[in-house]
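A structural walkthrough
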Amino acid sequence: MPYNHGSRKLARAILAGGGIILFVNTALTLSVGLAAQNSIGHYWHRITDRTFAGMYHANAFDLAMMIPYFIVLFVLAVYGLHRYWLVYDYFVYSKNVPPDPPPVTNWPRVTVQLPIFNERYVIERLVEAVSRFDYPVESLDVQVLDDSTDETCEVARACVERHAAQGMPIVYIHRANREGYKAGALENGLKAAKGEFIAIFDADFLPEPDFLRRTIPYFMNPDGGGKIGMVQTRWTYLNSDYSLLTNVETILLDGHFVVEHGARSRRGTFFNFNGTAGVWRRKAIDDAGGWEHDTLTEDTDLSYRSQLKGWKFLYLPQIECASELPVDMNGFKAQQARWAKGLMQTAKKILPKVWKSDAPWHVKAEAFFHLTANISYPLMVLLSTMLLPVMIVRFQQGWFQMLLIDLPLFLASTCSISSFYLVAQRELRPKSWQRTFLYLPFVMATGIGISVRNAQAVMEAIVGKKSEFARTPKFRIEGKQGTFAKKSYKNKAGWIPYAEVLLGVYFSFTVVYAILNENYATVPFLLLFVWGYLYTGCMSLGQTYFARLRFGVNAPEMRPATSGAPGF
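Throughout what follows, the structure given in this document is the object of discussion. (Residues numbered from 1 in each chain as written. Predicted model: local features only at pLDDT ≥ 70, side-chain atom pairs only at ≥ 80, totals over all residues. Heavy atoms only, no water.)

1. A short note on the pairing of strand β8 (residues 312–323)
We apply this condition: Any two strands with at least two DSSP bridges between them are considered paired. Labels follow the DSSP assignment, with helices taken as runs of H or I lasting at least four residues and strands as runs of E lasting at least two, numbered in each case from the N terminus.
Of the pairings in the sheet, the one linking strand β5 (residues 205–206) to β8 comprises two bridges and is antiparallel in character. Bridge pairing in β8 places L206 opposite A322. Sheet topology note: the strand β6 (residues 228–237)/β8 ladder contains nine bridges and is parallel. By the bridge assignment, T233 is partnered in β8 with L316.

Written as structure tokens, this is what we have:
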């Protein structure tokens, strides 16, 4: 009986979704058909016709729409110009990269921390990768920091015992009290850590055997190595080509690791540890006050506190560490929301200290843009709700004003996204970067689609609402193979996908209005909103109901995810 009832719910959901999509497609098709009946000459006449020029007078409603509209557009444009500035810094300071350090003769002691929570699908893969480190075994300690509440405990403990019996210096530490989540686990592990340096890897990462031999020498360099507090490496991805979503995620993260980290590290401004695939000097952690868990991005919080204490950070893009991307929409949205909320919490906590510090002005400015960039998400939602009435008002004002004012602001706020990610792909893939043009509309649409969830997270941070860490589930999916449908660790969809679908339908009407009024230039931009909201909303609902009704695995799990992706 439960299966039949669930099947009926699924059928109703599919019919409802199909009805929405059919309605949208029909409306757009009719509008395009009407537009096709008008000649290019007629359209040009509408643009250049000055018959009623000067007759328009703004009223109270127009001002109530236009003033907030231009304020929002201006702020988004400022953050868009900042992306251009990062690209500029990336190239202007391209020579400011750390030289290769001299060989190390006396290797220091390193503690490798592996924080996990309910990671039964990937923990054995991680421990196996660490067991292949070619670092001197007498100078190595490995800690599996397990806060799990399911069978991961047995899997992890057995894995540790097996490798320990083979001579690997590894211990298993389980906490019954999960206070502080990942930050609490790392702090707890430091109590027993013997290493002068601390390497951290999340459960879904696969470091290469020479990872420590390539990173530790930078700390040991007689020429300034003693001032280095943290070394961050670049992420690569095991499942980039798994789906459209993972291709989009790859482009997003590459932009962060190539342009953002590259520009900040080359210019000498503050940048953040990404929570994994990096090495800390133990003294830098202690000097900054240790791990704290009053924000959702404990890694960025510690990074700024440490750099304010005078420690230098190095970014080494030539050293790669493979990882697994989220493959389900709800997991991806939960990850992005955590980053958005955590960075805004860190901004509230850290920026006053940054402003009071004696850091140069360009360091303070970059810290402000870095930590507050996610304010663009609530502004994007606000802009979304205003576009249709603003379009009506602007249509009455004439084309000249739109081209003179709106176009530059749109170019500043949207085209900067394209240049940002194109530069990153060209740097990483000089022979195949052109294919990124095909994905850019999906990248921009996805950024629009997740704006509702991220806007909620940012507003919660601003008003001080606390929340649990939203876990990013991993399912050991590599390449194009594997499925997550029958596996646990799903994130709940909640009410937000319904709001996303409604916004998608709303923008479909906006597209219809634009076409009927021969405002064709705005249609491609509006279609990004239609696709973005419908794609994220329908994917979230579809994956949730598919898993629940077919397999009965909708168990929400919570744990901290790493931070790193840029805001849109």
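Having seen the structure, we can now continue with the description.
2. Considering the pattern of salt bridges
Note the following rule: When a carboxyl oxygen of Asp or Glu lies within 4 Å of a side-chain nitrogen of Lys or Arg, that pair is called a salt bridge. The rule is simple: take the accessible area with a 1.4 Å probe, protein chains only, and divide by the maximum for that residue type; under 20% is buried, over 50% is exposed, in between is partly exposed.
With the rule as written, the count across this model stands at 25 salt bridges. R213 serves as the salt-bridge partner of D134, at 3.6 Å between the closest nitrogen and oxygen. Within this pair, whereas D134 is found in the loop between α4 (123–131) and β2 (140–146), its partner R213 is found in helix α7 (residues 211–220), the two being separated by 79 residues in sequence. What makes R213 partly exposed here is its relative accessible area of 33%. Sharing partners across several salt bridges, the network here consists of E292, D294, D301, R305 and K349.

3. Examining the sheet that holds strand β3 (residues 170–174)
This is how it is decided: Residue contacts are defined here by distance: any two heavy atoms, one from each residue, within 4.5 Å place the two residues in contact. Each axis is a line fitted through C-alpha atoms, taken for helices only over the stretch in contact, and angles between the N-to-C directions span 0 to 180 degrees.
In space, the eight strands of this open sheet follow the order β3-β2-β1-β4-β7-β6-β8-β5, with mixed pairing throughout. Single-partner strands in this sheet number two, and they are β3 and β5. Examined bridge by bridge, β2 and β3 share five bridges and lie parallel to one another. Residue pairing across strands places V144 opposite Y172, the latter belonging to β3. Sitting on the sheet, α7 touches β1 (110–116), β2, β4 (197–200), β6, β7 (278–281) and β8, and the angle it makes with β6 is about 150°.

4. Examining the environment of L73
With respect to the element layout, L73 can be found in helix α3 (residues 60–92). A relative accessible area of 0% means that L73 is categorised as buried. Put simply, L73 and L383 are 310 residues apart on the chain and 7.7 Å apart in space, counted from C-alpha to C-alpha.

5. Section: the packing of helix α11 (residues 329–356) against helix α16 (residues 451–463)
Convention followed: Working rule for angles: under 35 degrees goes down as roughly parallel, over 145 as roughly antiparallel, 65 to 115 as roughly perpendicular, anything else as oblique. Left-handed describes a crossing whose near helix is turned anticlockwise from the far helix by less than a right angle; the clockwise case is right-handed. Put simply, Ala, Val, Leu, Ile, Met, Phe, Trp, Tyr, Cys and Pro go in the nonpolar bin, Asp, Glu, Lys and Arg in the charged bin, and everything else, Gly too, in the polar bin.
Where α11 contacts α16, the two axes come as close as 8 Å, and the packing angle between them is 25°. By the angle class used here, α11 and α16 are roughly parallel. As for how α11 packs across α16, the hand of that crossing is right-handed. In this structure, α11 uses K333, Q336, A337, A340, K341, M344, Q345 and K348 to contact α16, whose residues at the interface are R453, N454, A457, V458, E460, A461 and I462. Partitioning the contact of α11 with α16 into residue classes produces seven nonpolar, three polar and five charged.

6. Side note on helix α6 (residues 181–190)
By the criterion of burial, α6 is predominantly enclosed, with eight of the ten residues buried. For α6, the complete set of buried residues consists of Y181, K182, A183, G184, A185, L186, G189 and L190. In this fold, the buried residues of α6 make contact with β1, β2, β4, α9 (282–287) and α10 (298–308).

7. Describing the side chain of D301
Locating D301 in the fold gives a position in helix α10. Here D301 is in contact with E292, D294, T295, T346, K349 and I350, once residues within four sequence places are set aside.

8. Some thoughts on unusual backbone geometry
What you tend to see is this: most non-glycine residues have negative phi, and most peptide bonds are trans. The phi torsion at N118 lies on the positive side, around 50°, for a residue other than glycine. Even without being a glycine, Y181 presents a positive backbone phi close to 50°. With respect to the helices and strands, Y181 occurs in helix α6.

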